[in-house]
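# A look at the structure
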2 protein chains.
Amino acid sequence: MRRVRTMEEFASASGISRPTVSKYFQDPGSVRESTRARIEAALERLEYRPNVYAMNQNRRLTRNIGVVVPLLSDPFFGELARILERLCIEAGFRPILLSSDGDGAREGENLDTLLSLKPAGALMAPLGRASDRDAVAGFAAEVPTVLVDNNLEGIGAEFVGLDVGRAVGTIVDYLCRSGPPPCLFEMADPPNPNARRRRAAYAAAMGRLGHEPMVVSVPGEGWEFEEIGLRGGLAMLEGGGAPSGTVLCSNDRLAIGLLAAAFRQGVRVGIGKGCAMRVAGIDDHPFARFTCPSLTTVAQDYERMAGRAVATLLSVMEGGGSGPAGERREVIFDGRLVMRSSA
Amino acid sequence: MRRVRTMEEFASASGISRPTVSKYFQDPGSVRESTRARIEAALERLEYRPNVYAMNQNRRLTRNIGVVVPLLSDPFFGELARILERLCIEAGFRPILLSSDGDGAREGENLDTLLSLKPAGALMAPLGRASDRDAVAGFAAEVPTVLVDNNLEGIGAEFVGLDVGRAVGTIVDYLCRSGPPPCLFEMADPPNPNARRRRAAYAAAMGRLGHEPMVVSVPGEGWEFEEIGLRGGLAMLEGGGAPSGTVLCSNDRLAIGLLAAAFRQGVRVGIGKGCAMRVAGIDDHPFARFTCPSLTTVAQDYERMAGRAVATLLSVMEGGGSGPAGERREVIFDGRLVMRSSA
DNA sequence: CTAGAAACTTTGCCCGTGTAAAGAACATAG
DNA sequence: CTATGTTCTTTACACGGGCAAAGTTTCTAG
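Residues numbered from 1 in each chain as written. Chains lettered and ligands numbered in written order. Predicted model: local features only at pLDDT ≥ 70, side-chain atom pairs only at ≥ 80, totals over all residues. Heavy atoms only, no water.

### Some thoughts on the UniProt feature "domain: HTH lacI-type" (unreviewed entry) in chain A
This is how it is decided: UniProt positions are given in the numbering used here, feature names are shortened, and annotations may be inferred rather than shown by experiment. Runs of H or I in DSSP of at least four residues are treated as helices and runs of E of at least two as strands, each being numbered from the N terminus.
Taken from the UniProt record, the annotation "domain: HTH lacI-type" (unreviewed entry) applies to residues 5-59 of chain A. For residues 5-59 of chain A, helix accounts for 65% and strand for 4%, while the C-alpha atoms at its two ends are 20 Å apart.

So this is what it looks like as structure tokens:
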């Protein structure tokens, strides 16, 4: 298999003109079938791959799609990123995965990096509070962007996420009708603004059912939610336990920490008799099935959310990006109650 | 802040010639200090970033470093990737993170993608059995490569990983001197060749201590280790429990599944009295601290391993890549026994 | 068979930077 | 102040493809 360096060489070796070969590489479907067959035949004889850098230099848009997540070591985002990547590839694009590592400055750098890569679009789960809002807005003004998981009002072509109100409502309803009403277990100073929405949704749901909201705010900074949940949980349990014996954690990672605390304190968690506490979470973390006891939670449908986000992005990119476009939309999906053993 | 599009414009606006500016961007230290100051002053007045594609087109090597991991949704690799990325950035390179998603074909595509990006080097944790060995070897022949976590004999400039023999020895020793000797809980058909090394190391360690190895091989395919551990664990417990009451899991993810199984079956795990089983793992998974009970395991020193891998890669890259270079080395680090509550 | 559209070829210039060569300006030591 | 090496400027070409225009061939429809 001879090695060929330039498109010129490849074109003459395959008996096709260079501009046509160029067209082929931009979109194999854009050339006549017989031509495509000849090119692909040549492609098997000759080892040739177009030079990425030369290709992208004069292209207005590349086939790159930026994927930015807050923290890759969080399995929730790991999973989300995985699905987004797969969908991008299936659509014929090259995903560029960047993690902000929980750091606003890093997020900004990631956007800068992306900008200089001239991506055709971007899928972004913003950090939230730590995000430099202007930087994100500036980025989204230049690159078609769909926000995921975490909304920044007014930025990007669309936001895709969880219907926090209904999701929290669902689990609060469930907890209230199956036992004592839940208190909310959350971080006093959460890095993620979703936490605030969840608190508000909790209060609303409790109010609707005629209960007084009870909030346990635990201290801690950063993204080590399990650790924070563990420490906060120990403190809560040593200080007399959960207000009502039922705890709704602001997210599954906190719940994992709280379950560990309960286990250490010998507090039995679950719904059977002999159980002293019920614990529920939100997100359906990949590990929620393996906690002890397994965690009752509200599942986000990663797959559908990612599918919607990618579909929207593709259509926005199609539309040339900066047309008058449609209104910005916020697409929120229902959470699905996942009943396991912890509540 | 005026926006400038080309290096030409930027050069004339800053009163420096373009070739010098070009030098500056390749290595700010390569120009005289006064010149650097003038350029950096201009950089603050003018908004300019060199075009990545034009830059890399004529460069033999870019400043990219490929980072390939088997499965990003596994927190172990998520964490490893995060550290590797950080180290690359600190060294002034741009990491390109690619996940093979547990699929050999995908790994091959990732290497292809990387190749066309002309990376200065690559850090790779191979899939193992699913890897296309020839593809990886071919890649490593063209790009300075350091293998991490999972060794493929003879490929790459160096392998950095865990000293499986000693790590397994350490935990087996500990388990044996603190209670009944452990059986090994593992997948019958593991996707990861490390598992085979661990089995061998287990047998050796047991032999050394005068015990007969006992292996519980559970069925299952793919990378859903927790699920496999859970099912296999349930089967084992229903079938009479662990051979000796002490279980060493081939990795922490299996252990997490086994702990969940034990919890469901009401089998108390730990070292206190009243405990029916001891469970230990290997890896020190980020979640091992939050299992119930917390998991005794052998920690891999991610940070040191990553540091060594990056340092080696940098020095190999320095050396021009394809010199006679040194011998290929295999650098293995000791595991650190982490005693928690499960064993 | 013929017209018109679609697809292709040819030609030629452009993109934004790397890089080499030759000479000018500058720094440092004596 | 002069010598010598550094660093910079100037000039010029290279890289590998994108893209547009004009002309040619091929396909499709009537």
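### Some remarks on the sheet that holds strand β4 (residues 94-99) of chain B
Residues and elements named next belong to chain B. To keep things clear, this is the line we draw: Paired strands, as defined in this entry, are two strands with at least two bridges between them according to DSSP. Angles here are taken between N-to-C directions and fall from 0 to 180 degrees, while the axes themselves are lines fitted to C-alpha atoms, restricted in helices to the stretch in contact.
The strand order β4-β3-β5-β6-β7-β13 describes an open sheet built from six strands, whose pairing is parallel. Strands at the two margins of the open sheet, each flanked by one partner only, are β4 and β13 (329-333). Strand-to-strand twist in this sheet, taken as the mean axis angle between neighbours without regard to direction, amounts to 15°. Pairing analysis gives six bridges linking strand β3 (residues 64-69) to β4, with the strands arranged parallel. Residue V68 lies in a different strand from β4, and its bridge partner there is L98.

### Focus on the environment of L209(B)
So the rule is basically this: By definition, residues are in contact when any of their heavy atoms lie within 4.5 Å.
Structurally, L209(B) is set in the loop between α9 (194-208) and β9 (215-218). Excluding residues within four positions of it along the chain, L209(B) makes contact with V172(B), D173(B) and C176(B).

### As for the protein's contact with DNA strand D
Rule in force here: Distances are taken per atom, and a residue is near a molecule or strand as soon as one of its heavy atoms is within 4 Å of it. Counted as a polar contact is a pair of N or O atoms within 3.5 Å, where, for protein atoms, one must be capable of donating a hydrogen and the other of accepting one, and residues adjacent in sequence contribute only when both atoms are in side chains.
Around DNA strand D, 26 residues are found, and the nearest of them are M7(A), S22(A), Y48(A), S17(B) and T35(B). Among atoms of DNA strand D positioned within 4 Å of the protein, sugar and phosphate together represent 64%. Measuring from a phosphate oxygen of DNA strand D, one finds a backbone N or O atom of M7(A) at 2.5 Å. Between DNA strand D and the protein, one listed contact pairs a phosphate oxygen with a backbone N or O atom of R32(B) at 2.9 Å.

### Brief notes about the protein's contact with DNA strand C
Short version of the rule: Charged means Asp, Glu, Lys or Arg here, nonpolar means Ala, Val, Leu, Ile, Met, Phe, Trp, Tyr, Cys or Pro, and polar covers whatever is left, Gly included.
Taken together, the neighbourhood of DNA strand C is formed by 26 residues, with T20(A), T35(A), N58(A), M7(B) and S22(B) sitting nearest. Between a phosphate oxygen of DNA strand C and a side-chain N or O atom of S17(A), the distance comes to 2.6 Å. Within the backbone of M7(B), a nitrogen or oxygen atom sits 2.5 Å from a phosphate oxygen of DNA strand C. Among the residues forming the surface near DNA strand C, the class breakdown is eight nonpolar, 13 polar and five charged.

### Re the environment of G233(B)
Residue and element names in this part refer to chain B. Looking at where G233 falls in the secondary structure, it is placed in helix α10 (residues 225-238). Spatially, the C-alpha atoms of G233 and Q265 are 9.7 Å apart, while their sequence positions differ by 32 residues. Filtering out sequence-adjacent residues up to four positions away, G233 remains in contact with F185, I228, L258 and A261.

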